[in-house]
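# A structural walkthrough
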Amino acid sequence: METITVGLGQRSYPIYIGTDLNYGELIREALPKVTDVMVVTNTTVGPLYFDELKTQLEEHDFNVSECVLKDGEAYKTVDSWWQILTALMEKDFGRDGAVIALGGGVVGDMAGFAASAYQRGIPFVQIPTTLLAMVDSSVGGKTAINHPLGKNMIGAFYQPKAVIADLDCLKTLPQRELTAGLGEVVKTGIIYDDKFFEFLKEHVSKVFTYDLDTLSHIVKRCCEIKALVVSQDEKEHGLRAILNYGHTFGHAIEAYLGFGTWLHGEAVGLGMVIASALALDRKLITHDDFDKMLELCQSAKLPTVIPEKMTGNDFIEHMRHDKKVRHGVIRYVLPVRIGEVKIFSDVSDDEVKALISRLKA
């Protein structure tokens, strides 16, 4: 088992990465004074993992309740969030209770947001079961629900007490979920670590054969980088914004198509391609760097073609509702080389519209 620490002073917490992990022992260590826990999961993940988790928790003297949500980004809504809060109230949870998120990024985001709001905040633990959640959404304390006008527009920064990434869970994932996770993995290499990018070029195909050494290295390196970034800029006042590479365009795609039509990582994959094309237009990167980025996205089986009916105007309309807009200006995270990105606020709407038209042609 590997342990990485997200350094936030008294609110620091561990990320455990490995196989055959003892959930009960690790959660008891994270929640030494808690008796009542609400496991928030969904209709897909719950039947696979809840019973074993419940057994291990009870072996470590927890009283376990369950809240089962519908599965998918389409249900990352105020109604699902309310369902969690209602379950906590029906079970008479107090401030000495805790929430455990068992699932992918949607479950983790909603469970964390519910924990932040219930009685003004109770502890929670993340048990991510998808590659995307392990490498990104479970780490860093961003919790949220979607609004029809924008993704993750309603939420809170609220850190977990621990993250438990059990690589055994990845064996049950379909290829599409692995691809979605690779959207965030490829992003990490482009924004921060050119050596990791080169590793991915050589090994990304092994993800689809569930090669444990490859998956372990990927999850560990992504968590190391995200932990480093979050520890320096928890609430995205500066450095943490680099983690949004591909997301401005990606969130627009998700909103335009309807949340859940594309998986988050798929949309981020195409968002990275568009952002890299914009960087190439601005001569921030070379044709060689652009080609390498595009080829890695293709090797990861990420989408690289803009939805047929989506126009530049559609992108602008949805991006204006993005939470990264400052004073009415859309900020774009663009690569300046493989391993480094910068934030630009001088990109005009016309520049984006022209780029989208050219890419579609």
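Scoring rules and cut-offs
Residues numbered from 1 in each chain as written. Predicted model: local features only at pLDDT ≥ 70, side-chain atom pairs only at ≥ 80, totals over all residues. Heavy atoms only, no water. Pairing = 2+ DSSP bridges. Helix = DSSP H or I, 4+ residues; strand = E, 2+ residues; numbered from the N terminus. Expected span 1.5 Å × (residues − 1). Buried < 20%, exposed > 50% of the residue type's maximum accessible area, 1.4 Å probe, protein only. Contact = heavy atoms within 4.5 Å. Core = buried A, V, L, I, M, F, W, Y, C linked by side-chain atoms within 4.5 Å. Phe/Tyr/Trp six-rings, centres within 6.5 Å; stacked < 30°, edge-to-face > 60°. Patch = residues over 30% accessible without salt bridge, like charges linked within 9 Å, V, L, I, M, F, W, Y side chains within 5 Å. Areas by Shrake-Rupley, 256 points an atom, 1.4 Å probe, with all protein chains shown as cover. Salt bridge = Lys/Arg side-chain N within 4 Å of Asp/Glu carboxyl O. Lys, Arg positive; Asp, Glu negative; His and termini not counted. Charge placed at Lys NZ, Arg CZ, Asp CG, Glu CD.

## Details of the pairing of strand 8 (residues 150-157)
Alignment of strand 7 (residues 142-147) against strand 8, held across five bridges, turns out to be antiparallel. Directly across from His 147, in strand 8, lies its bridge partner Gly 150. Linking strand 7 to strand 8, which pair antiparallel, is a turn of two residues.

## Topic: helix 4 (residues 105-117)
With 13 residues, helix 4 extends 18 Å between its outermost C-alpha atoms, agreeing within 8% with the 18 Å of an ideal straight helix rising 1.5 Å per residue. Counted residue by residue, helix 4 has 12 buried out of 13 residues, so it is predominantly covered. The complete set of buried residues in helix 4 reads Gly 105, Val 106, Val 107, Gly 108, Asp 109, Met 110, Ala 111, Gly 112, Phe 113, Ala 114, Ala 115 and Ser 116. Looking at the residues trailing helix 4, positive phi occurs at Gln 119, about 50°.

## Re the side chain of Ser 65
Topologically, Ser 65 is positioned in strand 4 (residues 63-69). Classification of Ser 65 by relative accessible area gives buried; the value is 14%. When near neighbours in sequence (up to four residues on either side) are disregarded, Ser 65 contacts Val 37, Met 38, Val 39, Phe 50, Lys 91 and Phe 93.

## Concerning the nonpolar core
In terms of nonpolar packing, the biggest core is built from 104 residues, with Ile 27, Phe 315 and Tyr 332 touching the most fellow members. With 11 residues, the top contributor of residues to this core is helix 10 (residues 264-281). Leave out the neighbours within four places in its chain, and Tyr 332 touches Thr 248, Phe 249, Leu 278, Ile 316, Met 319, Lys 342, Ile 343, Phe 344, Val 347 and Val 352. Judged by nonpolar contacts, the second largest core, of 23 residues, contains Val 99, Val 107, Ala 111 and Ile 122.

## Observations concerning the packing of aromatic side chains
Per the counting criterion, the structure on display carries six aromatic pairs. Seen from their ring centres, Phe 249 and Phe 315 are 5.9 Å apart, and the 70° between their planes marks the pair as edge-to-face. Within this pair, whereas Phe 249 is found in helix 9 (residues 247-257), its partner Phe 315 is found in helix 12 (residues 312-319), the two being separated by 66 residues in sequence. The buried category is assigned to Phe 249, whose relative accessible area is 2%. Taken together, the ring pairs connect Trp 81, Trp 82 and Phe 113 into an aromatic cluster.

## With respect to the environment of Pro 160
With respect to the element layout, Pro 160 can be found in the loop between strand 8 and strand 9 (162-166). The class for Pro 160 is buried, based on a relative accessible area of 3%. Between the C-alpha atoms of Pro 160 and Gly 112, which are 48 residues apart in sequence, the distance is 7.5 Å.

## Some points on the environment of Cys 222
Locating Cys 222 in the fold gives a position in helix 8 (residues 212-232). Since its relative accessible area comes to 1%, Cys 222 is described here as buried. Along the chain, Cys 222 and Val 139 lie 83 residues apart, while their C-alpha atoms are 9.9 Å from each other. Beyond its immediate chain neighbours, meaning those up to four positions away, Cys 222 contacts Val 135, Val 185, Thr 188 and Phe 196.

## Some words on a negative patch on the surface
A cluster of acidic residues, Asp 51, Glu 52, Glu 59 and Glu 66, forms a negative patch on the protein surface. Here the negative patch gets three residues from one element, more than from any other, and that element is helix 2 (residues 46-59). Tracing the backbone shows Glu 52 in helix 2. On the accessibility criterion, Glu 52 (45% relative accessible area) is partly exposed.

## Quick notes on the pattern of salt bridges
Summed over all chains, the structure comprises 22 salt bridges. Among the salt bridges present, the one from Asp 281 reaches Arg 358, with a minimum N-O distance of 2.0 Å. Linking Asp 281 in helix 10 with Arg 358 in helix 13 (residues 349-360), this pair joins segments that are 77 residues apart in sequence. Overall, Asp 281 belongs to the partly exposed group, its relative accessible area being 37%. Across the pair Asp 288 and Lys 292 runs a salt bridge whose closest N-O atoms are separated by 3.4 Å. With Asp 288 and Lys 292 both in helix 11 (residues 287-299) and four residues apart, the pair spans about one turn of that helix. Where salt bridges share partners, they join Glu 2, Asp 193, Lys 220, Arg 221 and Glu 224 into one cluster.

The analysis is restricted to geometry; functional conclusions fall outside its scope.
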